[in-house]
Amino acid sequence: ADATSPETATRRFFHTVQQTSLYDIASSIALRGDISALTLLLVRHPVSTTTQMRILDLLPVELSISEYEHLLPCCVEKECSAIQFLPRLLSSWPVKWLSSLEVFSFLADAQMQRVHNKSIDFTMDVFHDEADRQRIIEHYWEGLGGEDATQEDVAKWYLNLAIRLHVDTGQIHSVGRVCELGIIRLGFVVFEDDGKYKLSNLDVSPDFCRESEAIGKLVYLYSATDFLSNILADKVKDSVSSSSLRGESWAVGREFFASMIQFCSMDMSSAVPFILESAQSPSSNVFLFHNYVAQFVHDDGCLLPTKTEAVMIQTKAHHPTSALEQNMKDFCLKKVKSAGESHGRKRKINSYSTETESLASGIEEALSICSLCASFGRQEKSLTHALIIRSNGDLIDFACDVFQSTLKVANGEQAALSRGVVDQLWKIFESLPSRSVDGSAASVKVAWLHLRLAMLQLCCKWNRGRAIPNTLWKFLSSHFDSEDQHKYGVSACQEIITIFCRGLCEEVTRQSDETSKDYENALLDFALDVGELDQRFYGNAIQHSGRIGTWLLLPLLSLHEFGLLKDLLQIRPSWFCQDQTQAIVLSFVRDTIIGSNNAFACQETLCSVLPELAVEFEHAQRLFDAERFANKTMRLDAEVLSNVFIEDNSANPMNIIECLLTRKPQCLLLGCEFWSEDLASKAAEDASRYFSSQINATMSRTSFDESSLVLPPMPGALVMQLSIILDLKSAYDLLMVKRFMVLGVLQLNLAPAAIAICYSMLCDAAFSRQENVDPA
């Protein structure tokens, strides 16, 4: 026959095929990446698991694993006693483990029913005719050879495939997908009835990983790829969205991003900042890191990819868990300390943000990581194995160090200690073990931290943006083991109470500018804060010391907030020293009584809560009424009033009369000006006859007939009314007042008026004598 004829070529082809091994044919198909042909070959001619893995190793690396997912090796037992497939790619296939013969039978049935083109992803004929089909089934397992693989071998194959894919392509997703498919086909995932599974519930025990290092590394690599993918995704988002990093992040790409191998090779001191230093939401990365802790740094260390015998015999001080704890604490403290620097760079770009606002934002972000690091695993007992900071003592020291670092960064700027910053500090404190009074050094340190946090919060609330007082700042920032906290403790308490009182007065001042005043909320807030601080830390000593009243009295009096002061005296009388309060209020009333309505308002408001001052208040009221009478009725000008109604005269009303008649004797003629005219002599004669007759009648105890007598209007009538208002009512007081009146009219050279006043004084003396004579 012609060597070029079809028949000859066919015979040559069959001869070549017959001389070629099944492995060589499969290898040739695999190198070409023909998945359909490779599937047909492996379905019709089963090979051992070891041979199957060698063939799959020849597939081009750029080929997606999803295209040959159904051909991946399976081994759910320690020894691969039977060849199995998990054809997850083909949605119409049963969701269960299948032997290669079951796969062939399923495809053969589908071919016979002519439905495989509609329901199966593969469009191929797996047999020629019924005879071929029966022959394959009858002789299916004949000639099956090769070494039996173990589960460890299959795990190593998946691990090596994942690493090869990463080295050749650098695609983390592909690496993770290989690890995921391997974990499934090694039997560590339980399928649900609908064929779904959850990789979050890996059924891999530490003991099993200790026996099979390859399986432990495969699980580790899968978790690490998923973890690193999330981290890098956040890094990319952060780089693209943040204008402050857009120009610099790519320049430091080697530190900013990392390959899978670099990530898995990092020691803890490098991994901690790499994971937590990036992300739009640091808290989300902390939760990711918790997963990292739970899976890779378990107490037995069995999931560490670099596990060696040396790891197992290390002392606890050098155990990976201890190293992680220290690195996490170091990272958190460094994050807090560097908050000012990092946000200082942002401030240059974001000019709209003030320096303190930027600093507060940086501190709050750093503290959010510290808070999550401290609190993780302490709310749920199921997570206690993954605690980052395990020892209660270490946790307390960490909380104290974070607090002091925060204050150091804030550097006395209260605006940098925003509400968010204080809230984060409280979250860290709440993660500490339950407070006790056992007197141990740890419990004492917790108590001091509690006091400082409470003071810091109250200072930020009531200090209204001012710089924190130096003494209070020294106490807050002092070392927890030093004597300074005792040295500055008392002064700090005084400072915080002063801040309380000033804050309340400022709130009162602010509301005084508004139409409607509502002090109830401010007063209640003030009372609650003082009471909470005092009861919790000072055994109610502050509220019974009288200091609060001392700090509040003068400011509230000067603001004329007498109603608020009255409320305070009623609801918290223990805040005030009674003697001191009376002295201060009385001093205020005396200082302001002349020329002001404030003293009257003060005494009217406070008289019910300070009854001991009733006499003083009455005296102040008389002075107020006297000044108003002199101003309105006697029409004395402001200059005269300011010289007469002075503080030196207020204690003795007679001094007011003397001063008035000395400075303004003309007031004696108000309403009777004729005493300065020619009619004065006639008026003096009428007055002398009138008073003489009255004196004679009084002395002889006869009736006084005034029908034939006329008493002209006497000089100083308004002065006498003023004297009555000042409570100068006794016979002696009246004689003294008239004496000053005589001196006043003599100063005006009005002798007739002086004679008339003297006769009235003699009449008053006669009346006084008659009243003092015993009727018997």
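Scroll up for the structure.
Residues numbered from 1 in each chain as written. Predicted model: local features only at pLDDT ≥ 70, side-chain atom pairs only at ≥ 80, totals over all residues. Heavy atoms only, no water.

## Structural notes on the nonpolar core
Soluble globular proteins tend to pack their nonpolar side chains together in the buried interior.
And then number 1: Membership of the largest hydrophobic core comes to 93 residues, with the highest contact counts inside it found for I496, F526 and V585.
And then number 2: Those residues in contact with V585 that lie beyond four places of it in its chain are L553, L557, C602, L606, L610, L613 and F617.
And then number 3: In this structure, F85, L107, I184 and V219 belong to the second largest nonpolar core, which totals 70 residues. (Core = buried A, V, L, I, M, F, W, Y, C linked by side-chain atoms within 4.5 Å. Buried < 20%, exposed > 50% of the residue type's maximum accessible area, 1.4 Å probe, protein only. Contact = heavy atoms within 4.5 Å.)

## Examining the packing of aromatic side chains
And then number 1: Counted according to the given criterion, the structure contains 10 aromatic pairs.
And then number 2: Grouping aromatic residues by their ring pairs yields a cluster made of W462, F500, F526 and W575.
And then number 3: The ring centre of F475 lies 5.4 Å from the NZ or CZ of R452, which sits over that ring. (Phe/Tyr/Trp six-rings, centres within 6.5 Å; stacked < 30°, edge-to-face > 60°. Lys NZ or Arg CZ within 6 Å of the ring centre and 35° of its normal.)

## Considering the pattern of salt bridges
And then number 1: In this structure the tally under the stated criterion is 17 salt bridges.
And then number 2: E69 is paired through a salt bridge with R177; the nearest N and O atoms lie 3.5 Å apart. Residue E69 is found in the loop between α4 (49-56) and β1 (84-85), and its partner R177 is found in helix α9 (residues 172-185); the two are separated by 108 residues along the sequence.
And then number 3: According to the relative accessible area criterion, R177 is partly exposed, its value standing at 24%.
And then number 4: Across the pair D625 and R628 runs a salt bridge, and its minimum N-O distance is 3.3 Å. Of the two residues, D625 and R628 both sit in helix α32 (residues 614-632), 3 residues apart, roughly one turn of that helix. (Salt bridge = Lys/Arg side-chain N within 4 Å of Asp/Glu carboxyl O. Helix = DSSP H or I, 4+ residues; strand = E, 2+ residues; numbered from the N terminus.)

## Digging into unusual backbone geometry
And then number 1: For R701, which is not a glycine, the phi torsion comes out positive at approximately 55 degrees.
And then number 2: With relative accessibility at 55%, the residue R701 sits in the exposed group.
And then number 3: One non-glycine residue, N749, adopts positive backbone phi at about 60 degrees.

## Considerations on the environment of H139
And then number 1: With respect to the element layout, H139 can be found in the loop between α7 (130-138) and α8 (151-169).
And then number 2: For the pair formed by H139 and H45, sequence separation is 94 residues and the distance between their alpha carbons is 9.8 Å.

Interpretation note: all reported values are geometric properties and have no functional meaning in isolation.
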